[in-house]
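# Overview (structure and organization)
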Amino acid sequence: MSAPGFDVSGPPVPVDNCGTCAELAECRETARSVFDRSAETDANVLMRQHQRREHPEAPRTTRRTFRYVPFTIVQDVTAEPEYATRCVSGDEFECGAESGVQGHPADVEEWQRRHMQETRHARYRRTFADYAVMEPPDGVAAGLPAGLEPARVVRARTS
């Protein structure tokens, strides 16, 4: 756990004219050059500890704080869903006949019935596509204010 007021999102910056900070920064750079991430992390931890003890007056950047907002994914009622099917019947090769994009599943089913009457093909791959929107909870504007990001998604079903 870091002390309040310390930015741990990046490596600590050495304080000017401090031999210990310069030495630890050099150790960190040596570790980076040989891809020793453990030694690099150790040098960063030691520099932060040193700076808390020896340089309490040194300016520090503040930590970033994120507030999480639980959005809900719902079907976009302003866009029509799309339905389609493709005939995959056949022994060596699929038939490949397609219904094209339809606005209702009944239209796709009717196409399948007619295709089966003509060809006796009984196997189809159906697809469904729609548009979804992320809705924020009540009291939160549609756009995310600075410092906010979406949290875990809660699924909502629509008829």
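These remarks concern the structure in this document. Worth saying up front: this structure is predicted, and the values here are computed from it rather than measured. (Residues numbered from 1 in each chain as written. Predicted model: local features only at pLDDT ≥ 70, side-chain atom pairs only at ≥ 80, totals over all residues. Heavy atoms only, no water.)

## Some details on the packing of helix α1 (residues 19-33) against helix α2 (residues 37-54)
The cut-off we apply is this: Angles shown run from 0 to 180 degrees and are taken between the N-to-C directions of axes, each axis being a line fitted to C-alpha atoms and, for helices, limited to the stretch in contact. Numbering goes from the N terminus for both helices and strands, where a helix is a DSSP run of H or I of at least four residues and a strand is a run of E of at least two. Should an angle fall under 35 degrees it is taken as roughly parallel, and over 145 as roughly antiparallel, whereas 65 to 115 is taken as roughly perpendicular and any remaining angle as oblique. For any helix crossing, the convention is left-handed if the near helix is rotated counterclockwise from the far helix by under a right angle, and right-handed if that rotation is clockwise. Whether two residues touch is decided by their heavy atoms; if any such pair falls within 4.5 Å, the residues are in contact.
Contact pair α1 / α2: the axes reach a minimum separation of 8 Å and the direction vectors enclose 165°. Relative to α2, the element α1 lies roughly antiparallel. With respect to the hand of their crossing, α1 and α2 are arranged in left-handed fashion. Seen from α1, the contacting residues are Thr20, Cys21, Leu24, Ala25, Cys27, Arg28, Ala31 and Arg32; seen from α2, they are Arg37, Ala39, Glu40, Ala43, Asn44, Leu46, Met47, His50 and Gln51.

## Some words on the pattern of salt bridges
Worth spelling out the cut-off: For salt bridges, the criterion is a side-chain nitrogen of Lys or Arg within 4 Å of an Asp or Glu carboxyl oxygen. Per-residue accessibility, obtained with a 1.4 Å probe over protein chains only, is compared with the maximum for each type, and a residue is labelled buried under 20%, exposed over 50%, and partly exposed between these values.
Following the criterion strictly, the structure yields six salt bridges and no others. Notably, a salt bridge pairs arginine 32 with glutamate 40, separated by 2.8 Å at the nearest N-O pair. In this structure, arginine 113 and glutamate 110 form a salt bridge, with 3.4 Å as the shortest nitrogen-oxygen distance. Of this pair, arginine 113 and glutamate 110 both sit in helix α3 (residues 105-119), three residues apart, roughly one helical turn. For arginine 113, a relative accessible area of 47% translates into the label partly exposed. Salt bridges sharing partners connect three or more residues here, namely Arg28, Glu29, Arg32, Arg37 and Glu40.

## Here's the deal with the environment of valine 15
Of note, valine 15 is situated in the segment before α1. Using a relative accessible area of 24% as the deciding quantity, one classes valine 15 as partly exposed.

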